[in-house]
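So the chains spell out like this:
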Amino acid sequence: MIDKSLFLTYLYLLVYILLSSGVILYNKWVLSPKYFNFPFPITLTMIHMGFSGAVAFFLIRVIKVVSPVKMTFEIYATCVIPISAFFASSLWFGNTAYLHISVAFIQMLKALMPVATFLMAVICGTDKLRWDVFLNMLLVSVGVVVSSYGEIHFNVIGTAYQVTGIFAEALRLVLTQVLLQKKGLTLNPITSLYYIAPCSFAFLFVPWYFLEQPGMEVSQIKFNFWIFFSNAICALALNFSIFLVIGRTGAVTIRVAGVLKDWILIALSTVIFPESIITGLNITGYAIALCGVVFYNYIKVKDVRSSQLPVDSIPERMTQERMFEKKSSERNDDERNSRGIGSTSDSNVDEEAPLISSSRILHIGRSQLSNRDV
C-alpha cells in the first residue's frame, strides 16, 4: 500500500508538471504572431472560462457528481465577485505578457509571486511584517532585477503586464483566504469553476468588447476548432491535477514541484521557441531569486512545525494537569476538613491555568487541518 501510495503521489506530480508546462507552452504558441498567430489573449482566456464553466455546470447540475455549496447573494456579492475579478485580471495580464516577452523570462518573473503574496497579506492583515521574511523577499526581488537586466529581449510593456498579473493573482489568493475561509466555505475545483468561471467570463467581456472585439472584426482570424478545444481541455485538466496533487501532498511539495517545473519550462522554451535566448546574467539572477524562495519555504515549514509541536503534547499535558488538580483538590479537602472548614465554602481557590488556552488549542487545531488539507 505504501508503494502504491507513493507511486500515485509521484504520478500526480508528474501529471501536474507536464500539464502546467504544456498549457503555458501551448498558450504561447497560440498567441505568438510567429506561430499560430492568434494575438487575442482576452478571447483565449474567455474561451477557457466559458468551457470550464460549462463543464462544471454539466458535472454539478446534470451528472450531479458533487453538490453545489449553499451560496447566498451576500456571499456571492462580497466573496465570489471580487475573487473572480482578480482571477480574471491575473489570467488576462498573464496571457497578454506572452505577446511581448519570452516564456523563459516570464517564468523568471514568476519568482516574484512569494513577494507579491507576502505584501498583499501584510496589507490585508493576514500576515505580520517579519524581518526574516522581508529580507528573503528583498533577495528574491534583487534576483529578479538582475535577471531582468540580463534579458536580451527586455520589453517594458510585457514585463508590466506580467508583474501586474502576479500581484492580481496574489491578491486573489489573499482574498480567497480572507473572504471564503471567513465565511466557512470550502470549494473543490468543480464548485470553484462553477461559481467563479462564469463571473470571470463576465468581467473579461468588458475589456474584450473595447480592446479586442473591434480588431477581430477587421482582421482575418485564424480559428481552428480542435486547437482551441484541446487548449481548453488542457487548461481544465490542469485545474483538476492541481487539486489531486494538493490532496496527496502539501504546500511545500507544490512549491518544490513548481520550481522544478520552472526549470523544465525555461529549458523547453529555448528549444521550442528559438527566439527565446537565455544569458548567463539571466541564470545568475534567477538562481539568486530561487535562493530567496527556497529559504522562504524553509521559514514557512519551520513555522508550521513549531505550531504543530505543542499540539502533540496537549493531551498528555492536560492529563497531567487534571491529575495535579485532582491531587491538589484532595489535599485541600483534607486540609479544610482537618481545620473544620467545609469543602464547599472556599470558592476563591486559584487553580493553575492551562499551558495553552482553549482558544489557542482551537486555533492550532484549525491551522493543522488547513495545513493538512493544503
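Described below are features of the structure shown in this document. What you are looking at is a predicted structure, and each value in this text was computed from that prediction instead of being measured. (Residues numbered from 1 in each chain as written. Predicted model: local features only at pLDDT ≥ 70, side-chain atom pairs only at ≥ 80, totals over all residues. Heavy atoms only, no water.)

### Notes on the packing of aromatic side chains
In this description, an aromatic ring pair is defined by two values, namely the gap between the centres and the angle between the planes.
Here comes step 1: Across all of its chains, the model carries 20 aromatic pairs by this definition.
Here comes step 2: On the basis of an interplanar angle of 70 degrees and a centroid distance of 5.3 Å, the ring pair of F38 and F40 is categorised as edge-to-face.
Here comes step 3: You can call F38 buried: its relative accessible area is 2%.
Here comes step 4: Aromatic side chains F205 and W208 sit 5.5 Å apart centroid to centroid with 35 degrees between the ring planes, which places their arrangement in the tilted category. Of the two residues, F205 and W208 are both situated in helix α8 (residues 189-218); the distance of three residues between them amounts to about one turn of the helix.
Here comes step 5: Here F205 falls in the partly exposed class, since its relative accessible area comes to 39%.
Here comes step 6: The structure contains a cluster of three or more aromatic residues connected by ring pairs, namely Y26, W29, F36, F38, F40 and F228. (Phe/Tyr/Trp six-rings, centres within 6.5 Å; stacked < 30°, edge-to-face > 60°. Buried < 20%, exposed > 50% of the residue type's maximum accessible area, 1.4 Å probe, protein only. Helix = DSSP H or I, 4+ residues; strand = E, 2+ residues; numbered from the N terminus.)

### Description of the nonpolar core
Here comes step 1: Judged by nonpolar contacts, the single largest core of 73 residues is most densely connected at V30, V103, V140, V144 and L204.
Here comes step 2: Discounting residues that sit within four places of it in the chain, V103 has contacts with I24, L25, K28, Y98, L265, S269 and F273.
Here comes step 3: Judged by nonpolar contacts, the second largest core, of seven residues, contains Y16, V23, V245 and A257. (Core = buried A, V, L, I, M, F, W, Y, C linked by side-chain atoms within 4.5 Å. Contact = heavy atoms within 4.5 Å.)

### Examining the side chain of K261
Here comes step 1: Here K261 lies in helix α10 (residues 251-272).
Here comes step 2: For K261, the side chain forms a polar contact with the side chain of S20, separated by 3.3 Å.
Here comes step 3: Leave out the neighbours within four places in its chain, and K261 touches Y16, I17, S20, S21, I24 and Q107. (Polar contact = N/O pair within 3.5 Å; in protein donor to acceptor, adjacent residues only side chain to side chain.)

### Here's the deal with the environment of F57
Here comes step 1: Take F57: it is sitting in helix α2 (residues 41-62).
Here comes step 2: Residue F57 is classed as partly exposed on the basis of its relative accessible area, which comes to 44%.
Here comes step 3: What F57 contacts, discounting residues up to four positions off in sequence, is V62 and Y194.

### Quick word on the pattern of salt bridges
Here comes step 1: Applying the stated criterion to the full structure yields three salt bridges.
Here comes step 2: The closest approach of N and O atoms between R130 and D132, which form a salt bridge, is 2.8 Å.
Here comes step 3: The salt bridge involving R172 is made with E169; its shortest N-O contact spans 2.7 Å. Remark: E169 and R172 occur in helix α7 (residues 156-183); sequence separation between them is three residues, near one turn of the helix. (Salt bridge = Lys/Arg side-chain N within 4 Å of Asp/Glu carboxyl O.)

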